[in-house]
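# Chain and residue survey
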Amino acid sequence: MENIDIARMFEDVAALLEIQGANPFRIRAYQNAARTIESHTTPLRKLVTEGAKLTDLPGVGKDIAGYITELVETGELGLFKELTEKVPPSLIELTRLPGVGAKKTKKLWEELGIETIDGLERAANAGEVADLEGFGAKSQQKILEGIAAHRRRQARFRISDADQYVEPLIAYMKEEKAVERIEVAGSYRRRRETVGDIDILAIASEPGQVMQRFTSYPDVSRVELAGDTKGTVVLRSGLQVDLRILPPQSYGAALQYFTGSKEHNVKLRKRAVARDLRVSEYGVFLTGGEEEAAAADPYAGEFVAGWEEGEVYEAVELAWMAPELREDRGEIEAAERGQLPDLITLDDIRGDLQMHSTWSDGKHSIEEMLDGCVERGYEYFAVTDHSKALAMTGGLDAAKLRDQWVEIEEIASRRPEIRVLRSMEVDILADGGLDLEDEMLAQLDVVLVSVHSKFDLPATKQTERILKAIQHPAVHILAHPTGRLINRRDPMEFDLDEVLQCAAECDVIVELNAHPERLDLRDTHLMRARELGLKVVISTDAHRVADLGLMRYGVDQARRAWLGRDDVVNTYPLEKLLTIFDK
Ligand code: DGT
Ligand code: CA
Ligand code: CA
Ligand code: ZN
C-alpha cells in the first residue's frame, strides 16, 4: 500500500460521500487528506509500522489516522465497504468525467439507472441524457467527448505515479541476494511523462530465486507470466511490470535494448548491420554475414561487447548518450557528428520561480517556503500567489498584494541568505487583459501570466487572447502555456507556434511547469521553443514545501527536450537573472 493508493482511497471515499449528498465539510476533509498524503515524501506504511503520530500530518485528524492504519495493516477500508453498500463504486469514475461531477452522477444513477461509463455512453448515444433536467443536448455532447478522451488516456501512468510504485519494488528486489544488478529500463528510464508499463532488468546467476521473489511481491495482484528468465506481473494499481533476467556479460546490451525507444533501437541496429554486427539484448556479435545462426543461438558469432552500455554504442562508433535523448529525434545523427547536447542537471538549478503561499491557495507561509528553498541550496525564489480573478484560491487584489510586500520586506530583512522575488501569477482574462493594474505590475520583480479559465474558447480567440497578454510590456513569463493536465484535461486549442514566435519577439520566457500532472510545455514543444531561441524557466508551482522537490520532473522533461544550462534561466546566478527581468 503506497501513499498514492491511500490517497486514492480517500478520494474515492470523498466521491462516494458527495454522491450521497453528505456534509461538504466531511467531503472536504477526505479530499484534503488525499492531497496531503499523495505528496507526502515518506511512505505512510513506514510511519504506521514505526508507530509515528499520523495526526501530525496536516489535514489528518484522529478518524483519518485510524483509517490510514487500517489500510496499511489490512489493505482494506471498512468505511469504503459500508459506503459501497449504498452506492455502486463504479459511479466514482463517472464523477471524474468532465462536465459530470457528483450531483449529475447522482441524477444519472437515480433517474436512468446508469452505473458505468459504458452505460452512460449508451444512454448519451440514445439521447436519453439530454432529456434529463439540468443536462441538455450540449451537455450530452460534452459527456460523450469526455468519455472518448477518458478512454484515450486511461492506459498510461504518470511518471510520478510510476515512481511511487517502482521505488519500493526495486528496494524489495534488492533484498534478494541472488540479484547481482537491477535496473529499470524502458520509457521509465527515458523519463517519459507517462509510462505504458515498467521494464526491469536483473542480472543473476540464479534466475529462479529472483523470479520467485518478483512474483511474490505483496503488491502483485496477478502473475501473467513466470518463465525462467521472463516474468510479467500486474500490480494492484493495474500497472504492469515486466522482468527480464540475463547473465552479467549481457547487462549493458540488455539495458540498451530495453531502454529503447524502439525507434532509437531500429536506427542503432541499422548502423550495426552496416558494420557486420548484430546487436541484441544478449550482446554485440560479429556476424560474418550469417544471420540464420542467430535465430538458433542468440550467442552465435564472436562476442564483441555487452558488459556495459557504453560498449554497445562504442561498437557502432557512437558516444554513449543519456536515456532521455533516445527517441530518434536526431540524437544518433548528433552523436555521429560528436555534437550531443550538454544536458541540464538538477544540480544546475539555482531557484524556483513559481510557488504559492498561504496568501492564496498554498499550504505554507512565505517563510516556510523560504526555508524549503534554502534547504535546496537555492539563491532565489519568487512568491507567485494568484490574482483576484481566481477568487476560489483567495487570489490577491492590489491592496492585499501591497500587504504581502510588507511581509516579504520584513522576512527579507531577517533572512538575507536567499533573495525573495516579488511576483504574482497574474490571470490572463478572457479578453487577454491582465488581472492586475499596470502600476502594480511595474513594481514586481518578475511577472508570470497564465490562463485558468475559459479553456474552451475557439482556437483563434484563444490564440489572440494569449498573444495580447504576452505582448504586455510588463510580462516576463508565460506559465503552463497549454493548460493541459496529464490524463485529465487536454491542452487548450490554440496556435502554440504563433504564441512561441511572439514570445521570442517580446522576450517572454516560457515555463516548463515541473508539476508531474502538468509538465507543460511538453518535450516536443520545448524543442521548438529552443529552435526559436526562446528561454525556458523550470518551476514547480509548489503549493506546499514538499512540492519544491518536484523540480526533478521538470529537469527530466527539459533533458528530453535537449535543454542545457544556458537555455534555462533559473540556472543563472541572481544578477544575470535580474538583468533579464529588467527589460
Ligand atoms: P511504454 O511502455 O509504452 O511506455 O514504452 P517503452 O518504450 O517502455 O516500450 P515497451 O515497454 O514496449 O518496451 C521496452 C523497450 O524494449 C523499448 O523501449 C525498446 C525495446 N523493444 C520492445 N519491442 C521492441 C522491438 O520490437 N524492437 C526493438 N528494437 N526494440 C524493442
Ligand atoms: Ca515500458
Ligand atoms: Ca514492456
Ligand atoms: Zn497556475
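Structure report, in brief. Quick caveat, the model's predicted, so the values are computed rather than measured.

Calculation rules
- Residues numbered from 1 in each chain as written.
- Chains lettered and ligands numbered in written order.
- Predicted model: local features only at pLDDT ≥ 70, side-chain atom pairs only at ≥ 80, totals over all residues.
- Heavy atoms only, no water.
- Buried < 20%, exposed > 50% of the residue type's maximum accessible area, 1.4 Å probe, protein only.
- Helix = DSSP H or I, 4+ residues; strand = E, 2+ residues; numbered from the N terminus.
- Pairing = 2+ DSSP bridges.
- Donors = N, O, S within 2.8 Å, 3.2 Å for Na, K, Ca; no water.
- Tetrahedral: all angles 85-135°; square planar, octahedral: opposite > 155°, others 65-115°.
- Contact = heavy atoms within 4.5 Å.
- Axes fitted to C-alpha atoms, helices over the stretch in contact; angles between N-to-C directions.
- Core = buried A, V, L, I, M, F, W, Y, C linked by side-chain atoms within 4.5 Å.

## Section: the pairing of strand β4 (residues 198-203)
- For β4, the buried fraction is high: six of the six residues fall into the buried class.
- Neither face of β4 is open: one carries Ile-198, Ile-200 and Ala-202, the other Asp-199, Leu-201 and Ile-203, and all of them are buried.
- Sheet topology note: the strand β2 (residues 181-184)/β4 ladder contains four bridges and is antiparallel. The residue bridging Arg-181 from the neighbouring strand is Ile-203, located in β4.
- Note: β4 against strand β7 (residues 240-246), six bridges, orientation parallel. Bridge pairing in β7 places Ala-202 opposite Ile-245.

## Looking at the coordination of the zinc ion (ligand 4)
- Ligation of the zinc ion (ligand 4) by protein atoms is provided by Glu-425 (OE), His-452 (NE2) and His-480 (NE2), these donors lying 2.0 to 2.2 Å from the ion.
- For the zinc ion (ligand 4), the donor residues sit on a single chain with the sequence spacing E-x26-H-x27-H. Linking Glu-425 in strand β13 (residues 419-427) with His-480 in the loop between β15 (477-478) and α23 (496-505), this pair joins segments that are 55 residues apart in sequence. The exposure classification of Glu-425 matches that of His-480, with both residues buried.

## With respect to the coordination of the calcium ion (ligand 2)
- Around the calcium ion (ligand 2), the protein contributes the donor atoms Asp-197 (O), Asp-197 (OD) and Asp-199 (OD), which lie 2.2 to 2.7 Å from the metal centre.
- Between the six donor atoms coordinating the calcium ion (ligand 2), the angles at the centre fall across 70 to 163 degrees, so the site counts as irregular.
- The metal-metal distance between the calcium ion (ligand 2) and the calcium ion (ligand 3) comes to 3.8 Å, with Asp-197 coordinating both.

## Overview of the sheet that holds strand β17 (residues 536-539)
- Spatially, the seven strands line up as an open sheet ordered β11-β12-β13-β14-β15-β16-β17, and their pairing is parallel. Edge strands, defined here as strands with exactly one partner in the open sheet, are β11 (351-352) and β17.
- In this structure, β11 lies alongside strand β12 (residues 380-383), joined through two bridges in parallel fashion. Note that in β12 the partner of Asp-352 across the bridge is Phe-381.
- Contacting β11, β16 (509-513) and β17, helix α25 (residues 551-560) crosses the sheet at an angle of about 150 degrees to β17.

## A look at the nonpolar core
- One finds Ile-198, Ile-200, Val-210, Val-449 and Ile-538 to be the most contacted residues of the largest nonpolar core, which totals 117 residues.
- For this core, the leading source of residues is helix α11 (residues 159-174), giving eight residues.
- Those residues within four positions of Ile-198 in sequence are excluded, and the remaining contacts are Ala-162, Val-166, Val-184, Tyr-188, Leu-239, Gln-240, Val-241 and Asp-242.

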